[in-house]
There are 4 protein chains.
Amino acid sequence: MESPSSVSLKWMKEGYRYLMLGDISAKAAHLLSLPKISDFFTKLIQRVSPKSYQQAYGEVYVTQKFLENFSGDQVRFLARSFAVPGNHLGQQSHGFRWPYGPVAIITPFNFPLEIPVLQLMGALYMGNKPVLKVDSKVSIVMEKMLRLLHECGLPREDVDFINCDGNTMTKLLLEAKPRMTLFTGSSRIAEKLAVDLKGRIKLEDAGFDWKILGPDVQEVDYVAWVCDHDAYACSGQKCSAQSILFMHENWGRSPLLDTIKKHAARRQLDDLTVGPVLTVNTEALLLHKNKLLKIPGSKLLFGGKALTNHSIPAIYGAIEPTAVFVPLEEILKDDNYELVTKEIFGPFQIVTEYKDNQLPMVLNALEKMHAHLTAAVVSNDVLFLQEVIGKSVNGTTYVGLRARTTGAPQNHWFGPAGDPRGAGIGTPEAIKLVWSCHREIIYDVGPIARNWQIPRST
Amino acid sequence: MESPSSVSLKWMKEGYRYLMLGDISAKAAHLLSLPKISDFFTKLIQRVSPKSYQQAYGEVYVTQKFLENFSGDQVRFLARSFAVPGNHLGQQSHGFRWPYGPVAIITPFNFPLEIPVLQLMGALYMGNKPVLKVDSKVSIVMEKMLRLLHECGLPREDVDFINCDGNTMTKLLLEAKPRMTLFTGSSRIAEKLAVDLKGRIKLEDAGFDWKILGPDVQEVDYVAWVCDHDAYACSGQKCSAQSILFMHENWGRSPLLDTIKKHAARRQLDDLTVGPVLTVNTEALLLHKNKLLKIPGSKLLFGGKALTNHSIPAIYGAIEPTAVFVPLEEILKDDNYELVTKEIFGPFQIVTEYKDNQLPMVLNALEKMHAHLTAAVVSNDVLFLQEVIGKSVNGTTYVGLRARTTGAPQNHWFGPAGDPRGAGIGTPEAIKLVWSCHREIIYDVGPIARNWQIPRST
Amino acid sequence: MESPSSVSLKWMKEGYRYLMLGDISAKAAHLLSLPKISDFFTKLIQRVSPKSYQQAYGEVYVTQKFLENFSGDQVRFLARSFAVPGNHLGQQSHGFRWPYGPVAIITPFNFPLEIPVLQLMGALYMGNKPVLKVDSKVSIVMEKMLRLLHECGLPREDVDFINCDGNTMTKLLLEAKPRMTLFTGSSRIAEKLAVDLKGRIKLEDAGFDWKILGPDVQEVDYVAWVCDHDAYACSGQKCSAQSILFMHENWGRSPLLDTIKKHAARRQLDDLTVGPVLTVNTEALLLHKNKLLKIPGSKLLFGGKALTNHSIPAIYGAIEPTAVFVPLEEILKDDNYELVTKEIFGPFQIVTEYKDNQLPMVLNALEKMHAHLTAAVVSNDVLFLQEVIGKSVNGTTYVGLRARTTGAPQNHWFGPAGDPRGAGIGTPEAIKLVWSCHREIIYDVGPIARNWQIPRST
Amino acid sequence: MESPSSVSLKWMKEGYRYLMLGDISAKAAHLLSLPKISDFFTKLIQRVSPKSYQQAYGEVYVTQKFLENFSGDQVRFLARSFAVPGNHLGQQSHGFRWPYGPVAIITPFNFPLEIPVLQLMGALYMGNKPVLKVDSKVSIVMEKMLRLLHECGLPREDVDFINCDGNTMTKLLLEAKPRMTLFTGSSRIAEKLAVDLKGRIKLEDAGFDWKILGPDVQEVDYVAWVCDHDAYACSGQKCSAQSILFMHENWGRSPLLDTIKKHAARRQLDDLTVGPVLTVNTEALLLHKNKLLKIPGSKLLFGGKALTNHSIPAIYGAIEPTAVFVPLEEILKDDNYELVTKEIFGPFQIVTEYKDNQLPMVLNALEKMHAHLTAAVVSNDVLFLQEVIGKSVNGTTYVGLRARTTGAPQNHWFGPAGDPRGAGIGTPEAIKLVWSCHREIIYDVGPIARNWQIPRST
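None of the values given here were measured: they were computed from a predicted structure.

A.B. asks: What is the right way to read the sheet that holds strand β7 (residues 201–204) of chain C from this model?
C.D. replies: In sheet architecture, strand pairing relies on hydrogen bonds along the backbone and comes in two forms, parallel and antiparallel. All names here are of chain C. Ordered in space as β5-β4-β3-β6-β7, the five strands form an open sheet in which the pairing is parallel. With partners counted over all chains shown, the strands left at the sheet margins are β5 (160–162) and β7, one partner each. Strand-to-strand twist across the sheet, computed as the mean angle between neighbouring axes with direction ignored, equals 15 degrees. Judged from the four bridges that link them, strand β6 (residues 180–184) and β7 form a sheet pairing that is parallel. Looking across to β7, one finds that Phe183 is bridged to Leu203. Packed onto the sheet, helix α8 (residues 166–176) meets β3 (102–107), β4 (129–134), β5 and β6 and runs at close to 165 degrees relative to β3.

A.B. asks: Explanation requested: the domain arrangement of chain A in the structure shown.
C.D. replies: A common way to express how large an interface is: the accessible area buried when the components associate. Residue and element names in this part refer to chain A. By the assigned domains, chain A splits into domain 1 (15–206 + 417–442) and domain 2 (210–399). Contacts between domain 1 and domain 2 engage 13 residues on the former and 21 residues on the latter. At the surface where domain 1 touches domain 2, the tally comes to zero salt bridges. Along the contact surface separating domain 1 from domain 2 lie five residue pairs in polar contact (both at pLDDT 80 or more).

A.B. asks: In this structure, what is going on with the relation of the copies chain B and chain A? I would like to understand it.
C.D. replies: One copy of the chain maps onto the other through a rotation about an axis plus a displacement along that axis. Least-squares fitting of chain B to chain A yields an RMSD of 0.0 Å, with the transformation described by 0.0 Å of translation along the axis and a rotation of 180 degrees. Such a combination of turn and shift is consistent with a two-fold rotation axis. Residues of chain B ranked by C-alpha distance from the rotation axis are headed by Gly199 of chain B, positioned 1.8 Å from it. Same-surface contact between copies: 100% of interface residues of chain B are shared with the interface of chain A.

A.B. asks: Please explain the pairing of strand β11 (residues 322–325) of chain C as it appears in this structure.
C.D. replies: Side-chain direction in a regular strand flips from residue to residue, so the side chains alternate between the two faces of the sheet. Residue and element names in this part refer to chain C. Covered by surrounding structure in β11 are Thr322 and Val324 together with Ala323 and Phe325, the residues of both alternating faces. Sheet topology note: the strand β10 (residues 299–302)/β11 ladder contains three bridges and is antiparallel. Directly across from Lys299, in β11, lies its bridge partner Phe325.

A.B. asks: Help me understand the interface of chain B and chain A in this model?
C.D. replies: Across the boundary between the two partners, chain B contributes 89 residues, which contact 89 residues of chain A. With both chains or domains summed, chain B and chain A bury close to 8000 Å², and 57% of this area falls on carbon and sulfur atoms. Applying the counting criterion to the chain B and chain A interface returns six salt bridges. The shortest N-O distance in the salt bridge between Lys198 of chain B and Glu191 of chain A comes to 3.9 Å. Joining chain B to chain A, the criterion identifies 42 residue pairs in polar contact (both at pLDDT 80 or more). Element by element, the count of residues in the side of chain B that touches chain A is highest for strand β15 (residues 437–444) of chain B, at eight residues. Looking at chain direction, strand β14 (residues 396–399) of chain A and β15 of chain B are connected through four bridges and run parallel.

A.B. asks: Whenever I open this one, the interface of chain C and chain D confuses me. Can you help?
C.D. replies: Contact with chain C, which involves 89 residues of that partner, is made by 89 residues of chain D. Each partner contributes to the roughly 8000 Å² buried at the junction of chain C and chain D, and carbon and sulfur atoms together form 57% of this total. Broken down residue by residue, the surface that chain C buries against chain D is led by Arg402, Ile448 and Thr458 of chain C, which jointly contribute 10%. For the pair chain C and chain D, the number of links is six salt bridges. The tally of links between chain C and chain D comes to 42 residue pairs in polar contact (both at pLDDT 80 or more).

A.B. asks: Any chance you could explain the pattern of salt bridges here in plain terms?
C.D. replies: Counted under the stated rule, the structure contains 88 salt bridges over all chains. Here Asp334 of chain B and Lys368 of chain B are joined by a salt bridge, their closest N and O atoms 3.7 Å apart. Remark: Lys368 of chain B occurs in the loop between α16 (359–367) and β13 (374–378) and Asp334 of chain B occurs in helix α15 (residues 334–340); sequence separation between them is 34 residues. In this structure, Glu143 of chain D and Arg147 of chain D form a salt bridge, with 2.9 Å as the shortest nitrogen-oxygen distance. Residue Glu143 of chain D and its partner Arg147 of chain D are both found in helix α7 (residues 139–151); the two are separated by four residues, about one turn of the helix. Because the salt bridges share partners, they merge into one network encompassing Glu191, Asp419 and Arg421 of chain A together with Lys198 and Arg200 of chain B.

A.B. asks: Hey, could you run me through helix α18 (residues 428–435) of chain A in this one?
C.D. replies: The periodicity of an α-helix, 3.6 residues per turn, causes residues three or four positions apart to be oriented the same way. Listed in full, the buried residues belonging to α18 of chain A are Pro428, Ala430, Ile431, Val434 and Trp435 of chain A. Down the axis of α18 of chain A, the smallest arc covering the buried residues is 165 degrees, so these residues share one side.

A.B. asks: Teacher, can you tell me more about the packing of helix α6 (residues 114–125) of chain B against helix α18 (residues 428–435) of chain B here?
C.D. replies: For any two helices packed against each other, one specifies the crossing angle of their axes together with the interaxial distance. Residue and element names in this part refer to chain B. Contact geometry of α6 with α18 gives a least axis separation of 9 Å together with a crossing angle of 70 degrees. In this view, α6 runs roughly perpendicular relative to α18, as classed from their interaxial angle. You can see that α6 and α18 cross each other, and the crossing is right-handed. Counting all contacts with α6, which are made through Gln119, Gly122, Ala123 and Tyr125, the residues of α18 involved are Ile431, Val434 and Trp435.

Reading the values: rules and limits
- Here the residue numbers are simple positions, counted from 1 along each chain's written sequence.
- Written order determines the labels here, with chains lettered from A and ligands numbered from 1.
- Per-residue local features are limited, in this predicted model, to residues with pLDDT of at least 70; the limit for side-chain atom pairs, both in listing and counting, is 80 or more; totals at the level of whole chains, interfaces and linings are taken over all residues.
- As a convention, hydrogens and water are excluded, and side-chain values are obtained from all of the structure's heavy atoms.
- Strands pair, by our definition, only if DSSP identifies at least two bridges between them.
- Secondary structure elements are taken from DSSP: a helix is a run of H or I of four residues or more, a strand is a run of E of two residues or more, and numbering for both begins at the N terminus.
- Only the stretch in contact is used when fitting a helix axis, every axis being a line fitted to C-alpha atoms; angles between N-to-C directions are given from 0 to 180 degrees.
- The criterion used for residue contact is that any of the two residues' heavy atoms lie within 4.5 Å.
- Domain borders in the structure are assigned automatically or taken from a domain database.
- Each reported salt bridge corresponds to a side-chain nitrogen of Lys or Arg within 4 Å of a carboxyl oxygen of Asp or Glu.
- Side-chain atoms alone can form a polar contact between residues adjacent in sequence; in general such a contact is a pair of N or O atoms within 3.5 Å, and within protein one must be able to donate a hydrogen while the other accepts it.
- The least-squares superposition of copies is restricted to C-alpha atoms, and to residues with a pLDDT of at least 70 in both copies.
- Under the scheme applied here, a residue whose accessible area is under 20% of the maximum for its type counts as buried, over 50% as exposed, and between as partly exposed, the area being computed with a 1.4 Å probe on protein chains only.
- A simple way to read buried area is as the amount of 1.4 Å-probe accessible surface that goes missing from two parts once joined, with both sides added.
- Here the arc refers to the set of directions running from the helix axis out to each C-beta atom.
- With respect to orientation, any angle under 35 degrees is reported as roughly parallel, any angle over 145 as roughly antiparallel, any angle of 65 to 115 as roughly perpendicular, and every other angle as oblique.
- Left-handed describes a crossing whose near helix is turned anticlockwise from the far helix through less than a right angle; right-handed describes the clockwise counterpart.

What follows is the structure, given as C-alpha cells:
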C-alpha cells in the first residue's frame, strides 16, 4: 500500500485529479446509460446474485445516476473547504476535508455493483488510495466494471482489486494498516473487524428493520404492495428489508394482510421474484418458523413451506415468502424478544398488531433493537409521525403514506444511525463523512506589529 | 444510564431544551467574564495543574468565549438540518444531525476546565445524556464549574459526574454501553479503550508535534519567542507542545537558537513558568536526554539539568527547559527514529537542521510519525508552504511567519487528522462531528396518483 | 460618507473588528437582559409607538436574543468563506461575502428598537459603514440604544445617526451615493426610492397578509385567540398583521367567529391593547368600512365604530377592532378586488368563507396580490398544506395548526419573497444576503511548469 | 407570460422536473462533447462573433462542463433547503430558495452561447419560467442550441425565445412584468433598465478591469503572455479584458513590455486573433488614442494604427492591438481620470508604472473606478496581496503569479461586486443568488398543551 502522505501530496498537488475523476464519472455514466451495456451488467448481476431483472437493473441505474452526480466539477466541489477570519490581520483558519491516504473497502454479495462502485468512487473522489475486496462469489461484476472505468480513463494503479477469503483479507489489513476500512456486511464480522482494526473502521451492517402502520388507514392497495416489495423483493436479501410489521388495529380490520398474501403468491422462481437464500439453508429457515409458531398466540399468515421443483443447492435456502404473526405482548417478553427479532436474511417477516393505547409498547420494542438501519412509519398524521420519529433512532427512516424500508436511491443518505462507526453511502455528505477527515490549516502570515515587544514568559 | 431513545425523544420533543442551553451558555459566559469568578477558577486550576497564572487564565478565557458562541439561538442552529426534493410530489429527504443518546466523556489532568466544559457542553448541545469523568487529580475544578452551570439553570439530572479510577471507569463503560465515548488522554489508554469499546469512540490523544522553519528568515525575535512558548509553556505538558524543530540552514546562521536559549533561561518555578512534570519523573527525563546524546553528532543545546531548591515530590519530574540537537541523517536511521520521536510530556524538545535539498528527508521524517495532531510551518513562501502542507497530514496545522503549535482557541478546530476515530473540540464543526450522527428522514406523503395500478412483482 | 475601499480595508485588515463586535453584542445583550434596562426601553417604546407593554417588551426581548446570537466568535463566523480546488497545482478559488462599504438604513415608526438595531448591527457585522435614519416620531428610542452600544464599546464614528425628513434623506442619498440602502416602510416610498437609487436597494415593505383555515377543524379556542392576536395586536400596525381570513366552510360552522369577536371586545385603550392608528385617520377608516359594506353579501361581523372617550388627536385613527365579511365570489370580481385587498395599517380585517371545491378560487385571490410578506395556513392536513404552499409565494409563511401571521422572532428569516429587491431581517442568512455581496478571489500562485512554452495567440 | 404561482406550483408539485432537467443536462453535455457538434457550434459562433477558433471553442467547452455539473441529481441539490428547531414541540422553520416565477434574460453579442445557456439553465434549474432575448446579431447560435435542448427533452413551452430590438424588449418587460430580469451588457442600458424595472433586476455590465504587477518579478515570459491574452484575445471584447496595467518599477526594468509587444505583433486578421470591434469604429478608437497621447508624459507603446487590407465594414472598428503609457500622477488628475478610465471594448490598454512608495496612489486610482468586475494582482508576496485585496472591491479577482483577468470558467463565480444589483454566472452560488429568493416556511403543527389557557390580550 502506498504511504499516506504521498497520497495526500498527489491530492493537493494535482488539481487535475479532480477534473480527471469528473471526466471519468461523466463517461462511465454515459456508458451505463446505453441499453446494451446496462443490459450486460443487469444480466451479469443476475448470474451471481439471485434477484429479478428489474431489481438487478435497479443497481445499474442507481450506479449510473451516482456517476452523473459527480460529473464535471462536482468532484472538486466535494473538496470544498471553508475559512474564517482569525484574531488579527493576516490570520485565517481553513477547514478542509482531507483524505486518509491508504484505505480499504470490503463489500458483500447482495449488491455486487452498486455498493462497491459507490464506495470505491467516493474513496477516490476524496483523494484516497483504495484496496477493494468484493465477496468472491460475485466479484466478477466489479471486475468488469473496473475494466469499464479503466476504459473511461481511470489509471490502473489507482485501485488495488483483491480476490481472497476473509481470513486472508484480515491478515492483509493488519499488515498494510490502511488508515480507514469501510466494511459492508454481517454484524458478526463487523464487530470482529472493529476490534482487529482498533476502531479504524466505518460499518454498514445488517438491520432488523421495522415498519409501523399508523392509525389513519388509506390507500390499502398501495401500502400492501409496498409491504410485499419491502419484505420479499430480492428474496428479502437486502439489509433494508422489512423484518417486522407493526399494524395499528385499524389496519387489522382492513384487507391489508389478505392483499399482501396475494402479492406474495405471485412470486415465482422463474423470474427470480423469489429465489435462493444464500446465507441460511431451508432447514434453518423452517426451524426458525417453527420456533416462532410455538409462541402463544402466534400463527402462520402465509408461506412457511420449502420451495419445490428447483435445482437450488442444499447449502442455500429456498422457501416461499413467509409471514408469521406474533402478539405484541409476547414479542416484548424477555424469553421471546431475541428469537422474534433475529434477523433472517431471506423472504421472511414478523407481523403484529397494536391498539391505540399500545404505542408505547411498540416504541419500547423498537428501543430494544440493536441495529438501527432503516425504518418506515406509514401515516400522514403529523402528530403520530412526530411521536414515533422522536422516539426512534434508525438511520434511514421513511415516513408518510408512501413510506417504505427498501429501495434507497443515490440521492439521499443510506446508512445506520446511533453508532460513531456508522457509514453512509452515495450522497455528498456520505462521501465526505466516510472518506475524509477534518484538517484545519491556520494561515498566520503577519505582518508583525512594528512595535511588537517580547512578552513575559508564561 | 438513560436509554437512547428516551433521550432522543426529549431532544425532538422539547424545542425548549435548545433555548435553555442557549440561556445557560449566555449566563455562564457572563459569570466567567466577571474578574472575581475568572480569578477564582484561574487560581483553582493552578492549585491542581502546574502552570502560570496567564496559562491557567487562558483556559478560563477560552471557556468563556466558547460559551458566548453558543448563546441565544446558536444551540438550535447547531441542529440545523437540510432537505432535498424527492422523486415525486410529496417526497422530500431530510438530513439531520441526531444525538447518540447516552454518551461518556473522559478528560485528562492538563486542562481541567477547558477540555471538560467544551466537550460536555458540546454533548449536551447536540441532545445527548453524558456521564463525565475528569482525571481525579484535578476534578475539583470541574466540580465547581458544574455548580456554576447548575446555578445558571442546568438541570442536575442532565449530567452524571463520576469520580473514579480508570479501571472502574472501564467497567462502567462496558456495562452501561454508552453509544459514544470521547476520550482525551494518552495514546496507550486510547488504543486499549478503542478495543474494549469495539471502536465506539472518538479520540484526541498525544502528539509528537513538529515545527519547520522555511528558507525565508524573518522576524527572528518573534519566531524565537514563539518557539520558547510552544516548547516550554505549561512545562511542555500540552498535547500540542513543540516536540521537534526542523530549521532550514538559513535559520541556523541566525541568532535564533541563542535567543530561544535566553527565553528558556527566564523560566522559573516561582511563577510556574516552569514546573513539575506529572507523568515522567526526573530520572527518566535525564535518562532520555542521555540516550539522545549518545547519537553521533547530537549535542545539548541548553537545559538538561534537574531543577534544584524545590519541594516537588520525587514521583514527578523537575528539569530545566531542555533542547537537544540531533542531526537529520541520524534521526532518519531506523535505530534512532523511535528514540528521537518518543513523546516526552515535559519541557523537552529535539532540534535539527536541514539544507535546501534535504526537504524530502524532513518530509520523510514527518511521514513516519504515528500521531498527527499539531504542526507549524514558519514561512511566507507560498510554494514552500504548498509543498509541506500537501505532503503532511497533521490535524491542526499553523502556517506562515507567525505559525505556532500551541494555543489553539475556541474559534477554530483543534484535533488530529488521518484517523476515523479522531475527535475535534470547540467549533460548531467539531461539536457536530463528535456529538451527533447523520439521520436521514424521508417524507413521502403522497398523493398517490389516481390511476396508480399494482405493478408486477420484482 | 467614507469611501468604500477604505471600509473594506478596515474589514480585511482588522480581524479584531469581528471580535470587538462580538464583545459589544454580548455586553449589550447582557444589559438588555437586566429588568431595569429592559423596562426602560419597553416604556420608552410605548411612549412613542402605541402598543401594549407586552408587545413593546417583545421588541426588547427579540433585540436581546439577536445580540446574544452574535456574541463571541459568531460575528466572524458570518464572514465564513469557502474555497474550491482550481485547475492545476497552486490554484484555488475562494468565495467571500464582502461588505458594500458605505450603506444607508431607513426604518419606520412601528418597531422603533427591533428593526433599526437588527439591521444596523447586521450592516456593521458584515463590515459596512452605515448611516441610519429612524422615523423621527420614534427616533428617541434608537438614540438611547446607540448610547448603550457606545457604552458597550462601539466606536462613535462607526455609525452616522441622522434625524431629518424624507426629502432631506433622499437628497443625502443621491449625493452620498451609498452602495446599498435598506428601506423598511410603505410600498409607495419604497417604489420611489427604488427608482431614485436605480435599484441599489433592499426593501421590506407592507403586505396584505392572508390566513387560510383548512378543512380540518381543531382547537377552535386556540385558533380564535391567534386570529385576534394576528389581526389586532399593536392595533394591526404590523406589516405582518392578518388582513384577510379565508375560512373553510367547516370552520364557518364552528364557534370560531364568535370567539374572535369576544377576544376583540376585551381590547381597550387603557393598556393600549387597542390604540391610535398613526397613518389613517378615523374618518378614512370608517369610509373604507362603508365602501366594503356596499358589496353584495358583505356584512359587519363586529367593531366598525369610532372609539370614544379618548384624547387621540384627529390626525390619527381610533376605531374598534373591526371585521367585515365579504363573499369570496365578490372578492374576485375586478371591481371589488382592489378595494377588498387594500392594506389598512390598523385593527381591521376582511373575513370570507370557501367551500371544499372553491380552493382554486382562494388560490387565485392570493395570486393576484402585489406584496408577498407573511401568510398562514392553519391545518395539519399534509396534502392540503402541500397544495397551498406550492401555489403561493409569500416570504414568511406559517403552516400547521398553530400557524400565525405575526410575531416573527430573531431565530428565523422574516421578509418578503418573489422580488429581487426583497430584504430579510435577523438571521445569519438575512444578514449575509442584505449586507454583503459575493466576491470571488482566485489564488493562482504557481509553480509554472519548467517546460512551459509560449502558446499560440488566440 | 405565465403567472408566478402556477410556476411555483409546478416547481413544488413536480419533483420530476428536477430529474428531467438533470437528464437534459447530462444528455446535452454529452452531445456537446462530441467533436462533430462542438465543431459545429464553434464555427457558428465564429460566424457571428469575431474571435479565434480557440476562443470560440472555449465557449462550447465551458458550456459542456457547466451542463455536466448539473447532471443527475445536481439540479435538485440546488433546491436544498435547511431547517432549524423552533420554540416548542412541533415547530420548525425551513429556509428555501424559491423561484421567482416569470423571469427575463437579456444577453449580449460577445458570448453568444455561453452566457445565454448558463443563465437560461440556471433560471430553469431554480424553477422559473424564462423569456430569453439574445442580441439579434448573434441569436442564431442560441436558436440552434435551443433545438439541441429540445432534442434532449426540454419541453418547448418551458422557454420563450424572442428576437426583437431593445425598445420592443423594454416594452414587453413593462407589460409582462417579469419578477426578475437578468441583463448582461453595457452599463448605459443597464442603468436605464434598472430605472424602468424599478430595480427588479440583476446586472452584469462592463468593467474597466485592472491588473497590478507587484514588486516580485518572476516568470516574465509567462506574465507577458498572460497580459497579451488578457488585453487582446477576442480583440478585447470581453467584459473582463485587461484595460489598465499597473507595473511596479521592478517590472519596468524587465523585458516585460517588449515581450508583450512581440505577442501583440503576432496577432492577425486571418485567424481572428485580432478582428473587428463591434461597438466602436476605427475613427473613434484613433481619436481616443490621440486624446490620451496629449497627456504630458504619455506615449504610444505599440499599435495605434488602423488595420489595413480588410473588408471590415466602416461601422465597426479595426485597429492593431494598442497600448498607451500614461504616467500615474497624470492618471489621478481630475482632468484626465475620466478619459484614461473610459472603457474601450476593443484591443486597447493603458499601461502605467508605480514606485514602491506609490502603492497608495494606485489603490486610490482603483477606488475611483465605477464598475468592479475583474482584477488581477500578479505577485506571490503574501503581504502585498493582503494589502491590495483588502483595499479593493472587484468581484472576480485573480491573485498570485499566474493571475489573469479573463478566462473565467464555469467552476468559480464570475460577476461584479459592490452592488446589490450585481449578478453572477455559472456556479451553484451564482444560480441560487440570481435565480431564486429566500422563502421561509415555519411548520407549527402542535400539539397544543392540554392545559393551555387563553392569555390576556396584548
